[in-house]
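What follows is each chain in one-letter form.
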Amino acid sequence: MRVAVAFLFSFFIEFCRLVSNLELNQCRHLTSCEQCAGFVDNEISCRWCLESTECVPSKYQCHPWKTVIHEINCPLPKLPTTYSDTFLRTEIAAYIQAANRVSEYSPVGAPMSCLMKLPSNVAVLYELDVPTSLEGRTIGVLIGVNHDLQHVFIGFRSTNDPVQFVSQFYVFMMGWMENFPLGGRMVAIYSIMYKNILDFGFDSCLEKAIERFPTYSLLVTGHSLGGAMATVFSLHVAMKYQNKQTRLYSLSAPRSGDETFVKLLRKHVYEEFRVVRDGDFVPDSPFRVSQTIETAHHNSFEIFYGSHMAVDNYVICDQPETEYCLKGSWWKKPVAHMYLFDQNFYNYHLGYCE
């Protein structure tokens, strides 16, 4: 009896050793993060650890914070060199402040009152206050032109209504995503708003703007909800006008599309920057309760600012999400979402720019 037990025990140990070696062999033949992240072979999951130079089996051999599960979150080999802190806190901030005043609550001429503070030769071309079908509110879209910088800019208004704010988080909590017409899957409220804006005549307005200024590039921007919609429409614009350079500058934006959508952004959008402030809770939504359940992902590149957003107090992160940047910020505070570059981006019944 004892001999039989000893034999079974030794057989079990040898079996485990063989399985372990099989796991190691199945994972370690993968030589890059993109190959390794999320790879499953015969129910064996392979993981890429940021502190390792090889693919390893099972996420438990990595620190959870340093485990890359999704391919699009692998470290990027080359960081951009064209990001400008001055451009963001002047031009982009003015575009967003102007877009936030495309609203039934703002007086006539309010968007231009923000743009007049710029030294550039800037003009408003179209203001679209678009009714939204899901929550029964509106979203503002501003199309303008900067002649000195030679680009047509498109700004999207951030949330300016409590119902709209709650509706987004309700969709987040449901995990509601749907097919996106350009490819991939999208958080449902943003996919619905995308269709609402197109139905309102967005393409016709932009086409007229481009006909007037055919040599100008395109720039898309927004804060919060506006940042999510800017991300969505940067792909729309880049795919529609492939002979033009389309740049994306989103501030404090939540996640919007799945991995396929993020890959399309990388393929078609000429330049993309996602600006966040330490302590902001909105970019960490829709919330993730599992790494395997369908969810939205962030695009690159994350420009991570410290809590005070002092001049040049930023890091360009080599991953769309990493514990070394905003993902590692555990202290969340609403003020970090509403105040950027010493400016108030809280959007509620705004008047003229002071």
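The preceding data block contains the structure.
Residues numbered from 1 in each chain as written. Predicted model: local features only at pLDDT ≥ 70, side-chain atom pairs only at ≥ 80, totals over all residues. Heavy atoms only, no water.

Peer 1: How should the overall build of the protein be read in this particular structure?
Peer 2: On a plain count of helices and strands, the protein comes out with ten helices and 16 strands. Each principal axis of the C-alpha atoms in the protein carries an extent, and together these give about 90 × 40 × 40 Å. Looking at the 354 residues of the protein, the share that counts as buried comes to 54%. Taking the intrachain contacts of the protein between residues at least 6 apart in sequence as the baseline, contacts between residues at least 24 apart amount to 70%. Of the roughly 16500 Å² that the protein leaves accessible, carbon and sulfur atoms contribute 57%. The distance from the centre of the 29 positive side-chain charges to the centre of the 36 negative ones in the protein is 2 Å. (Helix = DSSP H or I, 4+ residues; strand = E, 2+ residues; numbered from the N terminus. Buried < 20%, exposed > 50% of the residue type's maximum accessible area, 1.4 Å probe, protein only. Contact = heavy atoms within 4.5 Å. Areas by Shrake-Rupley, 256 points an atom, 1.4 Å probe, with all protein chains shown as cover. Lys, Arg positive; Asp, Glu negative; His and termini not counted. Charge placed at Lys NZ, Arg CZ, Asp CG, Glu CD.)

Peer 1: So what exactly am I meant to see when it comes to the nonpolar core here?
Peer 2: Soluble globular proteins: nonpolar side chains tend toward being buried together. In this structure, Tyr 190, Phe 202 and Met 229 are the most contacted members of the largest nonpolar core, which totals 48 residues. The leading source of residues in this core is helix H8 (residues 225-240), at nine residues. Contact partners of Tyr 190, with chain neighbours within four places excluded, come to Gln 168, Phe 172, Leu 225, Ala 228, Met 229, Val 232, Pro 254, Arg 255 and Ser 256. Core analysis: the second largest hydrophobic core is formed by 32 residues, Val 122, Phe 153, Tyr 249 and Cys 353 among them. (Core = buried A, V, L, I, M, F, W, Y, C linked by side-chain atoms within 4.5 Å.)

Peer 1: Honestly, unusual backbone geometry in this entry has me stumped. Any pointers?
Peer 2: One can expect most non-glycine residues to show negative phi and most peptide bonds to be in trans. Cis geometry marks the peptide bond from Ser 285 to Pro 286, where omega comes out at -5 degrees. Inspection of the secondary structure puts Pro 286 in the loop between strand E12 (271-277) and strand E13 (302-305). Omega for the bond connecting Ser 300 with Phe 301 falls within 30 degrees of zero, at -5 degrees, which places this linkage in the cis form. Examined against the element boundaries, Phe 301 turns out to sit in the loop between E12 and E13. One non-glycine residue with positive phi stands out, namely Phe 341, at about 55 degrees.

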